[in-house]
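Next come the chains, spelled out residue by residue.
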Amino acid sequence: MIPNTDSIAVALPMALDPAVEQTLSDPLLSASLWTMIAVMGFSLLLFVYMGRNVTDNRVKLIFVATIGIPAVSIASYLGLVSGLTVGVVDIPGRGESVTLWGRYLTWTFSTPLILLALGLLAGTNRAKLFTVVVFDVAMCLTGLAAALTTRAIWLRWTWFLLSSAFFAIVLYILLVEWPRDVANKSPDVQNLFNRLKYLTVVLWIGYPIVWAIGTEGIALLGTGVSGLALTSWGYSLLDIGAKFVFAFLLLRFLADEPAGVTETAEREPSVAPGD
Ligand code: RET
């Protein structure tokens, strides 16, 4: 039997949907992505330079987690400009709409790094770190599901609510649990933790707001390419604060290896000599 070559010809070249191509060619939208590749590329080099003299293992761990943030981000934005992680969804009542779904996917990898860095600074324990990362990843994946759901609008918002519930757990750990853990650290560490905590909480709340008023939600920012460009700029500007400013403040402090951070927080049961 001769295979049906028609279907093979359709499947193999994986051409971009014309709507995706048109969206990515828009100067305002494409600037919202390329600017971030430049900002994150610069951050990556700067952060590696800032960490060149770090010797303490605990500080190194926070450095590596933080340097991972722009590294993941570059890949995320490259996926978007390549059209690899951009698609078309048919939203009931609104018709076809382009979605930059790669953002929600890659947050799954970048946001745990932000939380890891902050949790390690606070000197929290493994159980809380694990909890925050699990619910953060759940938040990102259900946010991705919200953006890709086409069966009904109410189902998109149901995913949104589920994701918001997971987000509430992350906020609880940030605002209630970690401040308790950081209380026995030096005043300098506490000050920095507080600044980073507020920066994170305020900016992170901006993401679901952009989702809700942007092209994934009620499209208050406009429909079509202009709405997408504004939505994309919304996320990109939040990213500059939540990733670059966050990481810069943290690493500037850590580069001198302050004593308050180097000591280990996880109290392992000590084994007396001779046991
Ligand atoms: C979504 C939509 C569904 C509801 C909620 C969301 C929250 C997203 C957040 C994203 C943070 C991203 C960051 C990225 C940096 O790399 C998924 C938008 C609650 C909080 C900080």
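Right, let's walk through the structure included here.

A word on the overall build of the protein chain. Scanning the protein chain from terminus to terminus reveals ten helices and two strands. Each helix and strand of the protein chain, ordered N terminal to C terminal, gives the series α-α-α-α-β-β-α-α-α-α-α-α. In the protein chain, which comprises 275 residues, the share counted as buried stands at 36%. For the protein chain, restricting intrachain contacts to residue pairs at least 6 apart in sequence, the fraction spanning at least 24 positions comes to 74%.

In the vicinity of the ligand there are 18 residues, among which S110, G143, S163, Y207 and P208 approach most closely. Where the shell around the ligand is concerned, the elements lending two or more residues are helix 5 (102–122), helix 6 (126–148), helix 7 (153–182), helix 8 (187–213) and helix 9 (224–254). Residues that form the shell around the ligand fall into these classes: eleven nonpolar, five polar and two charged.

Before going further, it helps to spend a moment on unusual backbone geometry. In this model, A219 sits at a positive phi of 55°, which is unusual for a non-glycine residue. You can see A219 is positioned in the loop between helix 8 and helix 9. Here A219 falls in the partly exposed class, since 17 other C-beta atoms lie within 10 Å of it.

Here we come to the environment of S73. Structurally, S73 can be placed in helix 4 (residues 57–81). Residues S73 and V39 lie 34 residues apart in sequence; the distance between their C-alpha atoms is 9.8 Å. Those residues in contact with S73 that lie beyond four places of it in its chain are M36, M40, S110, D239 and K243.

Counting residues in each nonpolar core, the largest one holds 63 residues, and the members touching the most others are I62, A117, L121, L250 and L254. For this core, the secondary-structure elements that each account for two or more residues are helix 3 (27–50), helix 4, helix 5, helix 6, helix 7, helix 8 and helix 9. The contacts of L254, once residues within four sequence positions are left out, are V59, I62, F63 and V261.

Let's shift gears to the pairing of strand 2 (residues 95–99). Note that strand 1 (residues 87–91) and strand 2 share five bridges and pair antiparallel. The partner of G87 across the bridge, within strand 2, is T99. The hairpin turn running from strand 1 into strand 2, its antiparallel successor, is three residues long, and G93 in that turn takes a positive phi close to 85°.

As a further point, take the packing of helix 5 against helix 8. At a minimum axis distance of 10 Å, the contact between helix 5 and helix 8 shows a crossing angle of 150°. The pairing of helix 5 with helix 8 is recorded here as roughly antiparallel in orientation. Relative to helix 8, helix 5 is oriented so that their crossing is left-handed. Between helix 5 and helix 8, the contacting residues are L118, L121 and A122 on the first element and V189, F193, L196 and T200 on the second. Looking at the contact of helix 5 with helix 8 residue by residue, the classes come out as six nonpolar, one polar and no charged.

Let us now look at helix 4. In a regular helix each residue adds 1.5 Å, so 25 residues correspond to 36 Å; helix 4 covers 36 Å between its end C-alpha atoms and thus fits that length. Just past helix 4, the residue G83 takes up positive phi, approximately 80°.

Two elements in contact, helix 8 and helix 9, have axes whose closest approach is 10 Å; the angle formed by their N-to-C orientations is 170°. The angle between the axes of helix 8 and helix 9 places the two elements in the roughly antiparallel class. Where helix 8 crosses over helix 9, the two elements pack in a sense that is left-handed. Of the residues in helix 9, those touching helix 8 at L192, R195, L196, L199, T200, L203, W204, G206, Y207 and V210 are T231, G234, Y235, L238, G241, A242, V245, F246, L249, L250 and F253. Tallied by class, residues from the contact of helix 8 with helix 9 come to 15 nonpolar, five polar and one charged.

Mapped onto the fold, L174 is located in helix 7. Considered as a pair, L174 and A138 are 36 residues apart in the sequence and their alpha carbons are 16 Å apart. For L174, the contacting residues outside a window of four places in its chain are K197, T200 and V201.

Reading guide: rules and limits
Residues numbered from 1 in each chain as written. Predicted model: local features only at pLDDT ≥ 70, side-chain atom pairs only at ≥ 80, totals over all residues. Helix = DSSP H or I, 4+ residues; strand = E, 2+ residues; numbered from the N terminus. Buried ≥ 20, exposed ≤ 12 C-beta atoms within 10 Å, placed from the backbone. Contact = placed C-beta atoms within 7 Å. Near = placed C-beta within 6 Å. Nonpolar A, V, L, I, M, F, W, Y, C, P; charged D, E, K, R; others polar. Core = buried A, V, L, I, M, F, W, Y, C linked by C-beta atoms within 7 Å. Pairing = 2+ DSSP bridges. Axes fitted to C-alpha atoms, helices over the stretch in contact; angles between N-to-C directions. Parallel < 35°, antiparallel > 145°, perpendicular 65-115°, else oblique. Left-handed = near helix turned anticlockwise from the far one by under 90°. Expected span 1.5 Å × (residues − 1).

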